[in-house]
Amino acid sequence: MQAVATKLIDVTEANAEKIARQWFADVRKNPKTPSYHNLSEDRAIPQAVDFYQKFRGVFAAKSPFEEARRVYTKYADESYRFGIPLHEAIYALTLMRRHIWLYAEFQALFVSAVEQQQAVESLNRTILLFDYATYVITDRYQELMKGEIDKQLSALRALGMEESFTGSKVGIMACLLVACGFLTYYYHAVMASGVIFTHLFYIPIVLAGIWWRKKGIAVSVLLGLILIGSHLIFMKGVPLTDDLIRAIMFVVVSSVVALLAEGFSKIEVLYRSAPQAGTAVET
Amino acid sequence: MKGHATKLIEVTEKHADRIALQWLGDVRMNPKTPSYHTFSDEKALSHAAAFYRNFRTLFCTEKPFDAARKFFTKYADERYAEGIPLHEAIYALILMRRHIWLFSEFQTLFVSTVEHRQAAESLTRTILLFDYATYVITERYEELMKREMEERIRRDGRAGGRQQAAGVRPK
């Protein structure tokens, strides 16, 4: 096999750019690889050239699976970054393999009977490598998809402060409510003014919505009652309309935040509970 | 190719159960197919035997992609429902292909020079089928995963929301 393999590898390496261009023309038009139809040449061709240039390393490796894992993980990472769906990434790879053979046939590498036999052996080796490649790429894509969702979910969890504030949410909320109560008293009783201090109320309102979802609306109701109560006690001569509108806005904002937070939670629950094809095997 | 293909198909069809059994022995121990290690023998064998019995249709059809789409969409649906991960479902299929060739080699189907040439052609045809199979299965799995997620959002969305409202954290 060594001789014919060397021949095949030599031809592939020497003509990497040429084979890559033929491959690119194929994926550009192939109905099974629509994502490549608009992929720039600058991205696709270097990927194929790199693949053909590394063909020797994978082909001749003593541990082909290990080498395939190393090379094709990179291929999967790149394709994923380019936004290529898995089935297209694999089909594009299949076409890369075909173009090695198309080129070899075109160059009439295997003519004699002995060469024909060697070609079968060489084909078997190539197929083995591509079997590994398919396995590695599929596995890696699933890993990448999961990683991306995990990353997005962790961003959501950070928003909900699930990890950083466990156990002290009630304490923080109590402090904020006391501060809001004090501000209300200070502005209404001491300053006799209804200036925009209520904007600060949105901090506990938003946090309560994120932390406790619909139950968090109670905080906005409480703050609204404090505001209206304080107004009725300390600012009897001033019309209630402004503070009434503010109190209603507290509840509206709180409800919107609660609904959004609940939506995020649903997504997380669905993702966590979704059987990711293969987690529950029937026996 | 016809003569040689017939030979390969006949051997595969005739020994479908035997090849399937050899394949089962492989997926049972192969570290790349752990989901099959605890899978029921009966079910796994029926997958493989069905494939080997349909090999003629897939091999000889004038429109191999259409035939592959029909057959392997069903294959993907079944494996997905059984909870086999995509990379394992594909690798198990690759092993099915390998066992056809292992069996035919063991039976020394291809001895003469002419037969070697035919073997190369037949191998190319088999590979083409499996290229299509991989494409169809991968595409179908992506579709099924997407569909399942959408269905869950519709069906279980409320339940998930209630769970969260009750303070149950997802594991």
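Above this text is the structure in question.
Sequence order sets the numbering: in each chain, residues are counted from 1 along the sequence as written. Think of it this way: whatever chain is written first is A, whatever ligand is written first is 1, and the rest follow in order. Only residues with pLDDT of at least 70 are given local features in this predicted model, and only at 80 or more are side-chain atom pairs given and counted; all residues enter the totals for whole chains, interfaces and linings. Water and hydrogen atoms were dropped before computing side-chain values, which therefore reflect all heavy atoms in the structure.

(A) Quick peek at the overall build of chain A. Put simply, DSSP H or I for four residues or longer makes a helix, DSSP E for two residues or longer makes a strand, and each gets a number counted from the N terminus. Broken down by element type, chain A carries 11 helices and 0 strands. For chain A, the succession of helices and strands along the chain, N to C, is α-α-α-α-α-α-α-α-α-α-α. Categorising residues by exposure relies on relative accessible area from a 1.4 Å probe, with only protein chains included: less than 20% of the type maximum marks a residue as buried, more than 50% marks it as exposed, and the intermediate range marks it as partly exposed. Considering chain A as a whole, with its 283 residues, one finds that 47% of them fall into the buried category. Per-residue accessibility takes into account occlusion by the displayed protein chains alone, with areas from the Shrake-Rupley method and a 1.4 Å probe. Of the accessible surface of chain A, which amounts to about 13700 Å², a share of 63% is contributed by carbon and sulfur atoms.

(B) Local environment of the overall build of chain B. The helix and strand tally for chain B stands at 7 helices and 0 strands. In chain B, the order of α-helices and β-strands from amino to carboxyl end is α-α-α-α-α-α-α. The buried share of chain B, taken over its 171 residues, is 54%. A fraction of 76% describes how many contacts in chain B between residues 6 or more apart in sequence connect residues 24 or more apart. When the accessible surface of chain B is totalled, it reaches about 8200 Å², and 55% of it is carbon and sulfur. Any two residues whose heavy atoms approach within 4.5 Å are treated as being in contact.

(C) Inspection of the nonpolar core at higher detail. In this description, a nonpolar core means a group of buried Ala, Val, Leu, Ile, Met, Phe, Trp, Tyr and Cys residues linked to one another through side-chain atoms lying within 4.5 Å. In terms of nonpolar packing, the biggest core is built from 103 residues, with Trp23(A), Tyr52(A), Tyr72(A), Trp23(B), Phe51(B), Tyr52(B) and Phe72(B) touching the most fellow members. If we skip the residues at most four places from it in the chain, Trp23(B) touches Tyr36(B), Ala44(B), Ala48(B), Tyr52(B), Ala92(B), Leu95(B), Met96(B) and His99(B). Formed by 15 residues, the second largest nonpolar core is a distinct cluster that contains Ala208(A), Val219(A), Phe250(A) and Val257(A).

(D) Representation of helix α5 (residues 64-81) of chain A. Residues and elements named next belong to chain A. For a helix, the expected span equals 1.5 Å multiplied by the residue count minus one. Across its 18 residues, α5 extends 25 Å between first and last C-alpha, which sits within 8% of the 26 Å expected from 1.5 Å per residue. Along α5, the residues that are buried comprise Pro-64, Phe-65, Glu-67, Ala-68, Val-71, Tyr-72, Thr-73, Tyr-75, Ala-76, Glu-78 and Ser-79. Just downstream of α5, Gly-83 is the residue with a positive phi angle, here 80°.

(E) Quick peek at the pattern of salt bridges. All names here are of chain A. By definition, a salt bridge exists where a carboxyl oxygen of Asp or Glu is found within 4 Å of a side-chain nitrogen of Lys or Arg. One pass over the full model with this rule turns up 26 salt bridges over all chains. In this structure, the salt-bridge partner of Glu-78 is Lys-74, at a minimum N-O distance of 3.8 Å. One end of the pair, Glu-78, and the other, Lys-74, are both in helix α5, 4 residues apart, so they sit about a helical turn from each other. For Glu-78, a relative accessible area of 16% corresponds to the buried category. Looking at Lys-74, the relative accessible area reads 36%, which means it is partly exposed. Three or more residues are tied together by salt bridges with common partners; here these are Asp-50, Lys-54, Lys-74 and Glu-78.

(F) Broad picture of the environment of Glu88(B). Residues and elements named next belong to chain B. Counting through the fold element by element, Glu-88 comes out in helix α6 (residues 86-106). On the accessibility criterion, Glu-88 (4% relative accessible area) is buried. Considering only alpha carbons, one finds Glu-88 and Lys-32, 56 residues apart in sequence, at a separation of 6.6 Å. For Glu-88, the residues in contact, after removing those within four places along its chain, are Lys-32, Thr-33, Pro-34, Ser-35 and Tyr-36.

(G) Structural detail: the packing of aromatic side chains. Residue and element names in this part refer to chain A. The criterion for an aromatic pair is that two Phe, Tyr or Trp rings (for Trp, the six-membered ring) have centres within 6.5 Å, with stacked assigned to planes under 30 degrees apart, edge-to-face to planes over 60 apart and tilted to the rest. As enumerated under the stated definition, the model contains 32 aromatic pairs over all chains in all. Ring plane angle 5° and centroid distance 4.8 Å describe the contact between Tyr-187 and Phe-197, whose orientation is recorded as stacked. Placement of Tyr-187 in helix α8 (residues 169-190) and of Phe-197 in the loop between α8 and α9 (202-212) is noted, with a sequence separation of 10 residues between them. Residue class for Phe-197 comes out buried when judged on its relative accessible area of 5%.

(H) Region of interest: helix α2 (residues 16-29) of chain B. Residues and elements named next belong to chain B. The end-to-end C-alpha distance of α2, which contains 14 residues, comes to 20 Å, matching closely the 20 Å that a straight helix rising 1.5 Å per residue would cover. Regarding α2, the residues found buried are Ala-16, Ile-19, Ala-20, Trp-23, Leu-24 and Val-27. For α2, the buried positions fall inside an angular range of 145° around the axis, keeping them on one side. Set apart from the buried face of α2 by more than 90 degrees, the exposed residues are Leu-21 and Met-29. The directions considered for the arc are those from the helix axis to the C-beta atoms.

(I) Here's a closer look at unusual backbone geometry. Residues and elements named next belong to chain A. A positive phi is found at Arg-213, a non-glycine position, where the angle reads about 50°. Position of Arg-213 relative to the elements: it lies in the loop between α9 and α10 (217-234). By relative accessible area, which is 11% here, Arg-213 ends up buried.

(J) Broad picture of the packing of α9(A) against α10(A). Residues and elements named next belong to chain A. Axis definition: a line fit to C-alpha positions, over the contact stretch in the case of helices; interaxial angles, taken between N-to-C directions, run 0 to 180 degrees. Across the interface, α9 lies against α10 with an axial gap of 7 Å and an inter-helix angle of 155°. Relative to α10, the element α9 lies roughly antiparallel. Residue-level contacts link Pro-204, Ile-205 and Ala-208 of α9 to Val-219, Ser-220 and Leu-223 of α10. Looking at the contact of α9 with α10 residue by residue, the class counts come to 5 nonpolar, 1 polar and no charged. Orientation labels follow simple angle bins: below 35 degrees gives roughly parallel, above 145 gives roughly antiparallel, 65 to 115 gives roughly perpendicular, and whatever is left gives oblique. All amino acids are sorted into three groups, where Ala, Val, Leu, Ile, Met, Phe, Trp, Tyr, Cys and Pro are nonpolar, Asp, Glu, Lys and Arg are charged, and the leftover types, Gly among them, are polar.

All quantities given are derived from atomic positions and should not be read as evidence of function.
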